[in-house]
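Next come the chains, spelled out residue by residue.
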Amino acid sequence: MELGIKGKRALVCASSKGLGLGCARALAAEGVALIMNARGVEALETSAAAIREEFGVQVEAIACDVTTPEGQAKLIEAAEGVDILVNNAGGPPPGMWTDWNRDDFISALDANMLAPIALIKALVPGMMERGWGRVVNITSVSVKSPIPVLGLSNAARAGLTGYVAGTARQVAGAGVTINNLLPGIHATDRAVSLDTAVTEQQGITMEEAQAQRAATIPAGRYGTADEFGATCAFLCSHHAGFIVGQNVLLDGGAFASAM
């Protein structure tokens, strides 16, 4: 399917690896020029170079921490005039509800709620003036089905979801859509980190921990960054102009609901 976004320009946050990289690759495959961002310079430059070589698109790599005001300012300056914004940031660490203090919550909110909002506020007005734009926020299945050990993530991502629910409906008339992608378990570094915690807690091997979690997914496996990226690219396409303020699950059927 022709997605109709060749020649567009996108900012993809946290895109040196994992789901962000999957989104960057899928957009590049459609002829979208990229601004890629991550904190680690080496991994970012390696991923950017690989995309340039494979897809022949322009890629600008900007190493900075999007959760900080300085990082946001750097990205906003570079991303002026982009057509597509993909918000993404690593999730907070797991733990128990008794573990977290105010600083922990502020850190989670900065990364997973306030940073995406800052980029939306900075870049969406330009999209509205031009009459076309797409914003996709990578959040988590936890906004529909909270994960007990991820209370920090549950709280911050739920806050972003509430913000998007109202904002998306205010900007849709100007040709700009804002939607959220809710990943379940995918084969990324984040999954490795969480699986490692399970091995330590339960005294089992990594293979046993992964099999244990895969058994909770009707699809019987972890998702891949490539299929996640393909869904992101569709939401950024000209076909998705009537999809507004939605939370799209990619969890292999793990969240059971009739609606």
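Each remark here, short or long, concerns the structure printed above.
The rules behind each value
- Residues numbered from 1 in each chain as written.
- Predicted model: local features only at pLDDT ≥ 70, side-chain atom pairs only at ≥ 80, totals over all residues.
- Heavy atoms only, no water.
- Pairing = 2+ DSSP bridges.
- Helix = DSSP H or I, 4+ residues; strand = E, 2+ residues; numbered from the N terminus.
- Axes fitted to C-alpha atoms, helices over the stretch in contact; angles between N-to-C directions.
- Contact = heavy atoms within 4.5 Å.
- Polar contact = N/O pair within 3.5 Å; in protein donor to acceptor, adjacent residues only side chain to side chain.
- Phe/Tyr/Trp six-rings, centres within 6.5 Å; stacked < 30°, edge-to-face > 60°.
- Buried < 20%, exposed > 50% of the residue type's maximum accessible area, 1.4 Å probe, protein only.
- Lys NZ or Arg CZ within 6 Å of the ring centre and 35° of its normal.
- Parallel < 35°, antiparallel > 145°, perpendicular 65-115°, else oblique.
- Left-handed = near helix turned anticlockwise from the far one by under 90°.
- Nonpolar A, V, L, I, M, F, W, Y, C, P; charged D, E, K, R; others polar.
- Core = buried A, V, L, I, M, F, W, Y, C linked by side-chain atoms within 4.5 Å.
- Expected span 1.5 Å × (residues − 1).
- Bend = angle between axes of the 7 residues up to and from the residue.

Q: Would you mind showing me how to read the sheet that holds strand S6 (residues 176-183) here?
A: Strand pairing in a sheet relies on backbone hydrogen bonds, with the paired strands running either antiparallel or parallel. If you walk across this open sheet you meet the 7 strands as S3-S2-S1-S4-S5-S6-S7, and the pairing is parallel. Each of the sheet's edge strands pairs with one partner strand only, and the pair in question is strand S3 (59-63) and strand S7 (247-250). Pairs of neighbouring strands in the sheet enclose a mean axial angle of 15°, with direction left out of account. By the bridge criterion, 3 bridges tie strand S1 (residues 9-12) to strand S4 (residues 84-87) in an arrangement that is parallel. Note on S4: the bridge partner recorded for Val 12 is Val 86. Packed onto the sheet, helix H5 (residues 151-171) meets strand S5 (133-138), S6 and S7 and runs at close to 155° relative to S6. Each of S4, S5, S6 and S7 is contacted by helix H8 (residues 225-235), which is oriented at about 165° to S6, the strand it contacts most.

Q: Before we go on, may I ask you to explain the environment of Arg 221 in this structure?
A: If you trace the backbone, Arg 221 turns up in the loop between helix H7 (206-214) and H8. For Arg 221, the contacting residues outside a window of four places in its chain are Ala 214 and Glu 227. A polar atom in the side chain of Arg 221 sits 2.9 Å from the side chain of Glu 227.

Q: Which parts of the structure should I look at to understand the environment of Asp 226?
A: For Asp 226, the location among the structural elements is in helix H8. Along the backbone, Asp 226 and Gly 71 are 155 residues apart, and their C-alpha atoms lie at a distance of 27 Å.

Q: For this particular structure, what's the right way to read the packing of aromatic side chains?
A: The description of two aromatic rings rests on the distance between their centres and on the angle between their planes. Overall, the coordinates contain 1 aromatic pair when judged by the stated rule. Taken together, a centroid distance of 6.2 Å and an interplanar angle of 85° make the contact between Trp 100 and Phe 105 edge-to-face. According to the relative accessible area criterion, Trp 100 is buried, its value standing at 15%. Overall, the relative accessible area of 32% leaves Phe 105 in the partly exposed class. Positioned above the aromatic ring of Trp 132 is the side chain of Lys 8, whose terminal nitrogen or guanidinium carbon lies 4.2 Å from the ring centre.

Q: When you look at the packing of helix H4 (residues 102-130) against H5 in this model, what are you seeing that I'm missing?
A: For the pair H4 and H5, the least separation of the axes is 8 Å and the interaxial angle reads 20°. Overall, the two elements H4 and H5 adopt an arrangement that is roughly parallel. At the point where H4 passes H5, the crossing takes the right-handed sense. Note on element contacts: H5 touches H4 through Leu 152, Ala 155, Ala 156, Arg 157, Gly 159, Leu 160, Tyr 163 and Val 171, opposite Asp 104, Phe 105, Ala 108, Leu 109, Asn 112, Met 113, Pro 116, Ile 117, Ile 120, Lys 121, Val 124 and Met 128. Its residues assigned to classes, the contact of H4 with H5 comprises 15 nonpolar, 2 polar and 3 charged.

Q: Would you mind going over the nonpolar core with me for this structure?
A: Soluble globular proteins tend to bury their nonpolar side chains together. Counting residues in each nonpolar core, the largest one holds 32 residues, and the members touching the most others are Val 12, Leu 27, Leu 34, Met 36, Ile 51 and Val 86. Only S1, helix H1 (18-29), strand S2 (33-38), helix H2 (41-55), S4, S5 and H8 provide two or more residues apiece to this core. Per element, the largest residue contribution to this core is 7 residues, and it comes from H1. Not counting residues up to four positions away in its chain, the partners in contact with Val 12 are Gly 20, Cys 23, Ala 24, Leu 27, Leu 34, Ile 35, Met 36, Asn 37 and Val 86. Counting 25 residues, the second-largest nonpolar core is a separate cluster that includes Ile 35, Leu 75, Ile 120 and Val 135.

Q: Just checking my understanding: could you explain H5 for this structure?
A: Residue pairs three or four apart in sequence face the same way in an α-helix, which turns once every 3.6 residues. The end-to-end C-alpha distance of H5 is 30 Å, a good match for the 30 Å that 21 residues give at a rise of 1.5 Å each. When the local axis directions of H5 are compared, the greatest deviation, roughly 25°, occurs at Val 164. Taken residue by residue, H5 has Gly 151, Leu 152, Ser 153, Asn 154, Ala 156, Arg 157, Leu 160, Thr 161, Val 164, Thr 167, Ala 168 and Val 171 as its buried positions. Close packing links the buried residues of H5 with H4, S5, S6 and S7.

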